[in-house]
Amino acid sequence: MKGELYLAWRYLAYHRVKTLILTTSITLIIFLPVGLRVLVRQSQEQLTARAEATPLLVGARGSPLELVLNSLYFESDVPATMSFGEVRRIEGTGYALPIPMYVRFAARGHPIVGTTLDYFDFRGLRIAEGTNLRMLGDAVLGARVAEELGVGPGESVISSPESVFDIAGTYPLSMRVVGVLEYSGSPDDEAIFVDLKTTWVIEGIVHGHQELSGSGAAGLILSSDTANVVANAAVVQYQEITADNLGSFHFHGDQGTYPITAVIAVPPDQRSESLLRGRFESPDELLQIVPPIDVMDQLLETVLTIEAFVIAVVVVVGLSTLATAVLVFMLSLRLRRREIDTMRKIGAARRSVGAVMASEVTVVLAAGVVLAAILTGLTSRFGSDIIRSLL
Amino acid sequence: MTVAVAGMLTAVVGMLAACGGSETGDPSTSENAQGSETSMDATVFTVNYPLAYFAQRIGGRHVTVHFPAPPDIDPAFWQPDEETVGAYQSADLVLLNGAGYAKWLDVVTLSASRLVNTSASFRDRYLLVEGTVTHSHGPEGDHSHEGTAFTTWLDPHLAIAHAESITQALSTRWPEHEGDFRDGMTSLEADLLILDSDLAAATAAADSRPIAASHPVYQYLAARYDLNLQSVQWEPDVPPSRSEWSDFQRLLSEHSATLMLWEGEPLTETSERLGSLGVTVVVFDQSGNVPAEGDYLSVMRRNVESLGAALAEE
């Protein structure tokens, strides 16, 4: 048997291109449906795990999917905004801990997530380096952001304009990096976290500017009386929040009217959850309250339908490829008629010749199966990272 | 240990010295504070001294109350450094005065779920600050920096509402001690009601007589006891300028005050010049920060005595 195996090996090694093509075909026939299934299952688990961990999401009426993708995965377009006063409304019911979120801006391609410290407790995020947010303008980076940008505590990141044509829009704000989060294996790794109020500074509704009452501001004052000071547009607005100018940052009007994109509502029990949902049932209600898991289940139903279709196509393509491979082997046997005759003439038994041919097929099949298993293993190991990079 | 933290600890010890022994109703000695069985896990931070006093009286041995502002500043206009903000973040509860007090809260990050606005229950009774200045620049139009008067605790009934809110917050957070918290509240409420009746008696003689104030911080006191009060913006340790004296004399021509309330003892030259105008200085300490001597109640009692005596002499 050793001799037959050796001859089969030498044949495959000699016809290495043909062997490589056959092995690759077998590998892909097995790996494509299996790997796809693994990938879909992993993405399903990841999406549902984060959605399951987020009891309720409140946002302005509109697409629930957009709201969930923006608030949980920091993806998709910015949903319609709601007012910060709604946080107090939810808090006032006593049915849930409200965690406001404003996910609208970005810095160097990474989303800026404006929220409160409760978000870190809620998601179980821990600081790996530096401190948590303390002052207006502070930023805490997700692990991957810090890695990709090569930025750490003591350095800074600058918010990006929303559009290159947005000349009169939001000013870029230089934010001081005070901490980096531990790797969490979630979209939080890809985000830059700031205090909710800092996002309002980026938007320009909270700002700091040079003092208008001092003698140094005389050249900036257009008119002044005991109740009102009118300055010209040359008043310097600060683009970086420092210990020196921190005190000059101020809010205008009622903070309750300021924008946020969503509120994560964390009820203590099922009863509170039901009661809170009941508060948003009115047809006149301008807000929607959604359990993210319901939204993601609907999305995954669609994904699973597509998956089944894709796998069916892959299986059909695989079967045709397999048939082609069988044809290749059979044609190969016909082409090797003279070689088989020579083996018989030098004394090889019919069974030994059959064993050589069978060994060649077995080795190719085995190599294909092993490679497919390795690829599936790699998909299983790194699939979640691939999914995260795609989400 | 940094200077900031050391300063904070000093302030805490000072505060405890003033508040210790709450069970006896005589919170005056540091020995009492150190000797009490405080639960080091239950920490409460406050943004001013009155709230710290109320919290210590109500929480007693079950909570450790911290008020980390340095002793020589007005906590309403204080800006804590980063380490102090970190200390606030470590608290189980942070008691806020509300009514726009402590603007620094707008520029720091604290856990919203641990903040308690102790004046939320009487938000509709906030008093607006008069003489708001607006400004405008660039295309944004007018900005108004309007605000509310924030020395709410000078009205003992509002102080009781603060205390009730603190009791509620402590009981929700540590329900196992609710009975003790209620006992502390009952004792504090009794003291504040006595203070209220004393103030009512002391100010009865005022009878809508014009009174001046060196700073616009007595709005709630005036509203509670119907005081006919007009304020200027003077500091006890800064001599008023020539134009400020002119403005004051103009005020006196319309509002003939013979008493002027001050947060602290003014400079001698200021007192003398006020005397020459027929205006008597009365120190009425708002007690926003830890007093050099005594505690919140003793400071308020001194205020009652000073005001009562000054009004009686008129």
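Predicted model only: the values in this text are computed from it and were never measured. (Residues numbered from 1 in each chain as written. Chains lettered and ligands numbered in written order. Predicted model: local features only at pLDDT ≥ 70, side-chain atom pairs only at ≥ 80, totals over all residues.)

Draft legend 1. Region of interest: the overall build of chain A. For chain A, the count of helices and strands is 11 helices and 16 strands. Within the span of chain A, comprising 391 residues, buried residues form 32% of the whole. Of the contacts made within chain A by residues no fewer than 6 positions apart, 75% connect residues no fewer than 24 positions apart. (Helix = DSSP H or I, 4+ residues; strand = E, 2+ residues; numbered from the N terminus. Buried ≥ 20, exposed ≤ 12 C-beta atoms within 10 Å, placed from the backbone. Contact = placed C-beta atoms within 7 Å.)

Draft legend 2. Main features of the sheet that holds strand β2 (residues 64-66) of chain B. All names here are of chain B. What the 4 strands build is an open sheet, ordered β2-β1-β3-β4; its pairing is parallel. Each edge of the open sheet is held by one strand with a lone partner, namely β2 and β4 (115-117). The sheet shows a mean angle of 25 degrees between the axes of neighbouring strands, taken without regard to direction. Two strands pair when backbone bridges link them, and strand β1 (residues 43-46) and β2 are joined in this way by 3 bridges, in the parallel orientation. Counterpart to T43 in the pairing with β2 is T64. Together, β1, β2 and β3 (93-96) form the strand contacts of helix α3 (residues 49-59), whose direction differs from that of β1 by roughly 155 degrees. (Pairing = 2+ DSSP bridges. Axes fitted to C-alpha atoms, helices over the stretch in contact; angles between N-to-C directions.)

Draft legend 3. Structural detail: the domain arrangement of chain B. Under the domain assignment, chain B is made up of domain 1 (3-129 + 147-197) and domain 2 (207-283). With 9 residues of domain 1 of chain B at the interface, the matching set in domain 2 of chain B holds 8 residues. (Domains from an automatic or database assignment.)

Draft legend 4. Spotlight on the sheet that holds strand β10 (residues 280-283) of chain B. Residues and elements named next belong to chain B. Pairing within the open sheet is parallel, and its 4 strands lie in the order β8-β7-β9-β10. Since the sheet does not close on itself, it has two edges, and those belong to β8 (228-231) and β10, each with one partner. Averaged over all neighbouring strand pairs, the angle between strand axes comes to 30 degrees, with direction disregarded. The pairing of strand β7 (residues 210-213) with β8 spans 4 bridges and is classified as parallel. Its bridge partner being in β8, A213 is matched across the sheet by S231. Those strands touched by helix α10 (residues 296-313) are β9 (259-262) and β10, and its axis lies near 155 degrees from that of β10.

Draft legend 5. Summary view of the pairing of strand β6 (residues 138-141) of chain A. All names here are of chain A. Taking every second residue as pointing to the same face, both faces of β6 are buried, with D138 and V140 on one and A139 and L141 on the other. Direction of pairing for β6 relative to strand β8 (residues 174-181): parallel, over a ladder of 4 bridges. Considered in β8, the bridge of V140 is made with G179. When β6 meets strand β9 (residues 192-195), the two strands line up antiparallel, connected through 3 bridges.

Draft legend 6. Main features of helix α9 (residues 292-335) of chain A. Taking 1.5 Å of rise per residue, 44 residues should cover 64 Å, and α9(A) covers 62 Å from first to last C-alpha, within 8% of that figure. Of all the 44 residues making up α9(A), 4 are buried; the element is thus mostly uncovered. (Expected span 1.5 Å × (residues − 1).)

Draft legend 7. Region of the structure containing the nonpolar core. In this structure, A:A139, A:I192, A:V263 and B:A55 are the most contacted members of the largest nonpolar core, which totals 141 residues. A:L22, A:I29, A:F31 and A:A325 belong to the second-largest nonpolar core, a separate cluster that totals 9 residues. (Core = buried A, V, L, I, M, F, W, Y, C linked by C-beta atoms within 7 Å.)

Draft legend 8. Main features of the domain arrangement of chain A. By domain assignment, chain A separates into domain 1 (2-47 + 300-390) and domain 2 (56-205 + 252-290). Inter-centroid distance (C-alpha atoms) of domain 1 of chain A to domain 2 of chain A is 48 Å.

Draft legend 9. Summary view of helix α3 (residues 64-73) of chain A. Residue and element names in this part refer to chain A. Summarising burial for α3: 8 of the 10 residues are buried, a large majority. Residues of α3 that are buried include every one of P64, L67, V68, L69, N70, S71, L72 and Y73, and no others. Once α3 ends, the next one or two residues include F74, with phi positive near 55 degrees.

Draft legend 10. Main features of the packing of α3(A) against α9(A). Residue and element names in this part refer to chain A. Orientation of α3 relative to α9, taken along the N-to-C sense of each, is 110 degrees, at an axis distance of 10 Å. Regarding the angle of α3 to α9, the classification is roughly perpendicular. The interaxial crossing formed by α3 with α9 has left-handed handedness. Contacts from P64, L65, V68 and L72 of α3 reach α9 at P292, V295, M296 and L299. (Parallel < 35°, antiparallel > 145°, perpendicular 65-115°, else oblique. Left-handed = near helix turned anticlockwise from the far one by under 90°.)

Draft legend 11. Summary view of the packing of helix α5 (residues 156-173) of chain B against helix α6 (residues 178-203) of chain B. Residues and elements named next belong to chain B. Interhelical geometry of α5 versus α6 gives an angle of 175 degrees and a closest axis separation of 9 Å. Overall, the two elements α5 and α6 adopt an arrangement that is roughly antiparallel. Across the interface between the two elements, P156, H157, A159, I160, A163, E164, T167, L170 and S171 of α5 pack against E178, F181, R182, M185, L188, E189, L192, L195, D196 and L199 of α6. The class makeup of the residues in the contact of α5 with α6 is 11 nonpolar, 3 polar and 5 charged. (Nonpolar A, V, L, I, M, F, W, Y, C, P; charged D, E, K, R; others polar.)

Draft legend 12. A look at unusual backbone geometry. All names here are of chain B. In this structure, A102 takes a positive phi of about 65 degrees despite not being glycine. Relative to the helices and strands, A102 resides in the loop between β3 and β4. With phi around 55 degrees, D226 is a residue other than glycine that occupies positive phi space. Within the fold, D226 resides in the loop between α7 (219-225) and β8. You can call D226 partly exposed: it has 13 C-beta atoms within 10 Å.

Draft legend 13. Representation of the environment of A:Q270 within the structure. Here A:Q270 shows up in helix α8 (residues 270-279). The spatial distance from the C-alpha of A:Q270 to the C-alpha of A:R104 is 31 Å, given a sequence separation of 166 residues.

Draft legend 14. Quick peek at the environment of B:D198. Residues and elements named next belong to chain B. Here D198 shows up in helix α6. A residue is classified by how many C-beta atoms lie within 10 Å of it, and D198, with 18 of them, is partly exposed. Sequence separation of D198 and P70 is 128 residues, and the distance between their C-alpha atoms is 31 Å.

Draft legend 15. Molecular detail of the environment of A:G253. Residues and elements named next belong to chain A. With respect to the secondary-structure elements, G253 resides in the loop between β13 (249-251) and β14 (259-260). G253 gets classed as exposed once you count the C-beta atoms within 10 Å, which come to 11. Along the primary structure G253 and V206 are separated by 47 residues, whereas in three dimensions their C-alpha atoms are 9.9 Å apart.

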